[in-house]
Each structure stands twice: as C-alpha cells, then as structure tokens.
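Coordinate analysis (summary)
Next come the chains, spelled out residue by residue.
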Amino acid sequence: RDKQLHKRSHGGIYLIHTFKPFDPTAIKGGIRVDRYQFIGNQITFNIGIDQKLTPTTLFRTSVGTNFKPPFLSDLFQEGLWQVPNPDLKPEKSHSFEIGIDQLFLENKAKVSLTGFLTHIDKITLSRQVAPTKWQRVNGAKRKTRGLEIAISLKLIQNLEFSSAFTLTHARDFPGDKESPLIPTFKGAGGLYWQAQPKLSFFIQGYGVS
C-alpha cells in the first residue's frame, strides 16, 4: 500500500590498502561506506598486521567493525507463520582476532590457529506474537568468542587436503543466556585435485553440532 516500500536501493564504496614498511611486516587496512535507503550511511573498517617471525612462522592480528542489514522478507513479508517488522534495525558489530600460521615439511603442510572475539549490538531474534505467529525483533547484545584450527596438506603434487575445526561460545545479554542456533562445534574438510592445467576436481564436507 505504501509505494516507497516497494523497493529499496543500496550503494557503496570501499578502499583496501596494504602497506609494507619492512619486508617481514604487512599492514592491511580497509574502509567501506554503504548507503541504504531508510537506514542511512554505514561506515565500517578493518585493520590488521601480518608479521613474519621466521621464514615459516607468520603472526597476524586484526580488528574491525561490521553491520548486517535486515532481510526484506523480515521487514515486509506477511506469511503463514510470520508477522513483518518494518522497524527492524541492522545488527552492528566489532571484532578482534589473533592467530599464527606455521609451515612444516618444506612448506607442504600448514597449520593455523586463530582466536576471535565478537560483540554484536541489536541482534536479530524471533519472538512469538500469537499462538502460530512469529516476528523478527532486535535484541540487546551478543558476545561470541572462539578458537579455530585449520590444517592444509599438499604432500603430493596437484593434490591438496584441507580441514578446519571451530569451537564457539556465544551468549546473549541481558541475562547471560546461551545464544540460539549458534553451533558450539563446526568442522569442515576438503580434497582438491588439479587433474589437468585447466581441469580440477574437489569434494567438500561440513558438519555442525
């Protein structure tokens, strides 16, 4: 019924730069400006440092901000079990991570260990508004911290195996409650084969707790 709600426009611009003041040091930075209709300008950034401690050891850390606009279906779509919420606000977050990469077996194997911490404001949650109706609403805060280990092996030419395992602990505030639908454990693995210079095959698998 409201013609200005029939569509929403979005545009943006971003800049990414890497600066190497010394050969073993790389400083990476990025800034992004997004323009969303009815939400306004959103500015996010990320800055990080990669530092080679030895020829086979890389230390890295980064800090940044982000945001996630609400889905159009959550804003406007009336469904059998859904009540729209046109006042839904975007989630905004800031995060920090620190990690190390280590090469083994003459650079044929790599093990990475990463720790991360994320704070999200105005988290998007579901609330029951009728016996069979639900609506997406903004909550308060979510704090997530976790640890990830990733392994990559390329012992044979043109054949690479990779895997990653992630442990996540997420809590919602106020109340210090366990966050819904956030898996405690995630695992992933894959096999990549470069059969020909212009032909490759891969298989991947994923699992969550």
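The structure this text deals with has already been given above.
Since we're looking at a predicted model, the values are computed, not measured. (Residues numbered from 1 in each chain as written. Predicted model: local features only at pLDDT ≥ 70, side-chain atom pairs only at ≥ 80, totals over all residues. Heavy atoms only, no water.)

1. Regarding the overall build of the protein chain
Rule in force here: In DSSP terms, a helix is any run of H or I states spanning at least four residues, a strand is any run of E spanning at least two, and both are numbered starting from the N terminus. For this measure, only C-alpha atoms enter the radius of gyration; the expected value for a globule follows 2.2 Å times N^0.38, where N is the number of residues. Relative accessibility decides the category of a residue: with a 1.4 Å probe and only protein chains considered, values under 20% of the type maximum give buried, values over 50% give exposed, and everything between is partly exposed. Contact definition: two residues touch when any of their heavy atoms are within 4.5 Å. In these tables, accessible area is a Shrake-Rupley quantity obtained with a 1.4 Å probe, and a residue counts as shielded only by the protein chains included in the view. For the charge count, each Lys or Arg is scored as positive and each Asp or Glu as negative, with His and the chain ends excluded. Where a charge lies is defined by one atom per residue type, namely NZ (Lys), CZ (Arg), CG (Asp) and CD (Glu).
Check the secondary structure of the protein chain and you find 1 helix and 14 strands. Taken over the C-alpha trace, the protein chain has a radius of gyration of 22 Å; the compact-globule value for 209 residues is 17 Å, which it surpasses by more than 25%. For the protein chain, with 209 residues in total, the buried portion stands at 23%. Intrachain contacts of the protein chain at a sequence separation of at least 6 include 46% that bridge at least 24 residues. When the accessible surface of the protein chain is summed, it comes to about 14,700 Å², and 62% of that surface belongs to carbon and sulfur atoms. Counting 28 positive and 17 negative side-chain charges, the protein chain places the averaged centre of each group 4 Å from the other.

2. Focus on the environment of Gln82
Selection criterion: Between N or O atoms, a polar contact is any pair within 3.5 Å; within protein, one atom must be a potential hydrogen donor and the other a potential acceptor, and residues adjacent in sequence are included only when both atoms are from side chains.
Within the secondary structure, Gln82 is located in strand E5 (residues 82-83). Judged by its relative accessible area of 22%, Gln82 falls in the partly exposed class. As for Gln82 and Thr132, which are separated by 50 residues in sequence, their C-alpha atoms are 8.5 Å apart. Not counting residues up to four positions away in its chain, the partners in contact with Gln82 are Ser73, Asp74, Gln77, Lys133 and Trp134. From its side chain, Gln82 meets the backbone oxygen of Ser73 in a polar contact 2.7 Å long.

3. What about the packing of aromatic side chains?
Counted only if it meets this: Geometry of aromatic contacts follows a simple scheme: Phe, Tyr and Trp rings, the Trp one being its six-membered ring, pair when their centres are within 6.5 Å, and the pair is stacked under 30 degrees between planes, edge-to-face over 60, tilted otherwise. As a reminder, the over-ring test applies to NZ of lysine and CZ of arginine, requiring each to be within 6 Å of the ring centre and within 35 degrees of the ring normal.
Across all of its chains, the model carries 3 aromatic pairs by this definition. Between the aromatic rings of Tyr36 and Phe67, the centroid separation amounts to 5.6 Å while the plane-to-plane angle is 90°, which identifies the pairing as edge-to-face. One end of the pair, Tyr36, is in strand E2 (residues 25-36); the other, Phe67, is in strand E4 (residues 57-68), and 31 residues separate them in sequence. Plain terms: the ring middles of Phe165 and Phe185 are 6.3 Å apart, the flat faces sit at 25° to each other, and that makes the pair stacked. Placement of the pair is Phe165 in strand E11 (residues 159-173) and Phe185 in strand E13 (residues 185-196), with a sequence separation of 20 residues. On the basis of relative accessibility, which here comes to 37%, the residue Phe165 falls in the partly exposed class. The side chain of Lys143 reaches across the aromatic face of Phe173, ending 5.0 Å from its centre.

4. Points about unusual backbone geometry
For the bond from Phe173 to Pro174, the omega torsion is 0°, close enough to zero to count as cis. Backbone geometry at Asn107 places phi at a positive 70°, although glycine is not the residue there. Its place among the elements puts Asn107 in the loop between strand E6 (91-104) and strand E7 (109-121). In this structure Asn107 comes out as exposed when scored by relative accessible area, which is 52%. Unusually for a residue other than glycine, Leu181 sits at a positive phi of about 65°.

5. Concerning the pattern of salt bridges
Rule in force here: A side-chain nitrogen of Lys or Arg and a carboxyl oxygen of Asp or Glu constitute a salt bridge if their distance falls within 4 Å.
Taken as a whole and judged by the stated rule, the model has 9 salt bridges. One salt bridge connects Arg60 with Asp101, and the closest N-O pair in it is separated by 2.8 Å. One end of the pair, Arg60, is in strand E4; the other, Asp101, is in strand E6, with 41 residues separating them in the sequence. Classification of Arg60 by relative accessible area gives buried; the value is 15%. Judged by relative accessible area, Asp101 falls into the buried class, the value being 12%. Between Arg136 and Asp74 there is a salt bridge, and its shortest N-O distance comes to 3.7 Å. You can see Arg136 sitting in strand E9 (residues 133-138) and its partner Asp74 sitting in helix H1 (residues 72-76), a full 62 residues away along the chain. Taking relative accessible area as the criterion, Asp74 reaches 9% and is therefore assigned buried.

6. A closer look at the pairing of E2
Applied cut-off: Two strands are said to pair when DSSP picks up at least two bridges between them.
Sheet analysis places strand E1 (residues 10-22) next to E2, joined by 11 bridges and oriented antiparallel. Opposite Ile16, over in E2, you have Gly30 as the bridge partner. In sequence, E1 turns back onto E2 through a hairpin of 2 residues. Sheet analysis places E2 next to strand E3 (residues 40-54), joined by 12 bridges and oriented antiparallel.

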